[in-house]
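# An overview of the molecular structure
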Amino acid sequence: MIHHWLFNISKIVMGIGILLVIYGWKQIYQGKGKLVTTGLYSYIRHPQYLGFFMITLGMNIQWLTLIMLALWPVIVVLYYRLSKTEEKEAIERYGDRYIKYKNDVPGFVPRYLRPKQTTY
């Protein structure tokens, strides 16, 4: 019985992760090189990476193996480090606008469900 609930929860987690990746990518693509701070990016700075975390977490719930269990923290650390590298590049490219955005919007976990209304 518990396995049935966990399987359904994992599908929901993976589905949300897939949506975060798709909509995050769409916003970046439509931004055409500009700093994107609206939509998903008004809640968190790295919605696509959070989506990858959720997809792989859901996979861990469904198909838990020692390899999957060992690889998940590695994936999280690697994407976290990638996000820090990208943020340095964004600061170089967008300057104070990105620094203000970074200070206002959390990286991976939204503080609350209302987006920031500030223009960057």
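Summary of the structure given here. As the structure is a prediction and not an experimental result, all values here were calculated from the model. (Residues numbered from 1 in each chain as written. Predicted model: local features only at pLDDT ≥ 70, side-chain atom pairs only at ≥ 80, totals over all residues. Heavy atoms only, no water.)

### A closer look at the overall build of the chain
If you tally the helices and strands in the chain, you get four helices and zero strands. The principal-axis extents of the C-alpha atoms in the chain amount to approximately 50 × 25 × 25 Å. Burial statistics for the chain: of 120 residues in total, 34% are counted as buried. Put simply, of all contacts in the chain between residues at least 6 apart along the chain, 65% involve residues at least 24 apart. Only carbon and sulfur atoms are counted for the fraction: they give 68% of the accessible area of the chain, which is about 8,300 Å². Positive and negative side-chain charges in the chain, numbering 15 and 6 respectively, have mean positions lying 8 Å apart. (Helix = DSSP H or I, 4+ residues; strand = E, 2+ residues; numbered from the N terminus. Buried < 20%, exposed > 50% of the residue type's maximum accessible area, 1.4 Å probe, protein only. Contact = heavy atoms within 4.5 Å. Areas by Shrake-Rupley, 256 points an atom, 1.4 Å probe, with all protein chains shown as cover. Lys, Arg positive; Asp, Glu negative; His and termini not counted. Charge placed at Lys NZ, Arg CZ, Asp CG, Glu CD.)

### Notes on the layout of surface pockets
Where empty space is left becomes clear once a probe the size of a water molecule has been rolled over the atoms. Of the voids in this model, the largest pocket is the one considered here, and its volume is about 500 Å³. In terms of lining, the largest pocket is formed by 21 residues, of which the most central are Ile 28, Tyr 41, Glu 86, Ala 90 and Tyr 94. Of all the elements in the fold, those that place two or more residues in the lining of the largest pocket are helix H1 (2–31), helix H2 (47–62), helix H3 (66–94) and helix H4 (96–104). Along the lines of polarity and charge, the residues of the lining of the largest pocket split into ten nonpolar, five polar and six charged. (1 Å grid on protein atoms, 1.4 Å probe; cavity = no way out; pocket = protein on both sides within 12 Å on 5 of 7 lines; lining within 4 Å. Points joined across faces, edges and corners; volume = space filled by probe spheres on them. Nonpolar A, V, L, I, M, F, W, Y, C, P; charged D, E, K, R; others polar.)

### A few points about the packing of aromatic side chains
Inspection of the entire model under this criterion finds seven aromatic pairs. Three or more aromatic residues joined by ring pairs make a cluster, and in this case those are Tyr 49, Phe 52, Phe 53, Tyr 79, Tyr 80 and Phe 108. (Phe/Tyr/Trp six-rings, centres within 6.5 Å; stacked < 30°, edge-to-face > 60°.)

### Quick look at the packing of H3 against H4
In contact at an axis separation of 6 Å, H3 and H4 are set at 135 degrees when each is read in the N-to-C sense. Judged on the interaxial angle alone, H4 and H3 are oblique. In this structure, H3 contributes Glu 87, Ala 90, Ile 91 and Tyr 94 to the contact, and H4 contributes Asp 96, Arg 97, Tyr 98, Ile 99 and Lys 102. Tallied by class, residues from the contact of H3 with H4 come to five nonpolar, no polar and four charged. (Axes fitted to C-alpha atoms, helices over the stretch in contact; angles between N-to-C directions. Parallel < 35°, antiparallel > 145°, perpendicular 65-115°, else oblique.)

### Quick look at the side chain of Ser 10
Along the polypeptide, Ser 10 turns up in helix H1. For Ser 10, the side chain forms a polar contact with the main-chain oxygen of Phe 7, separated by 2.7 Å. Ignoring anything within four residues of it in the chain, the contact list for Ser 10 reads Gly 58, Ile 61 and Gln 62. (Polar contact = N/O pair within 3.5 Å; in protein donor to acceptor, adjacent residues only side chain to side chain.)

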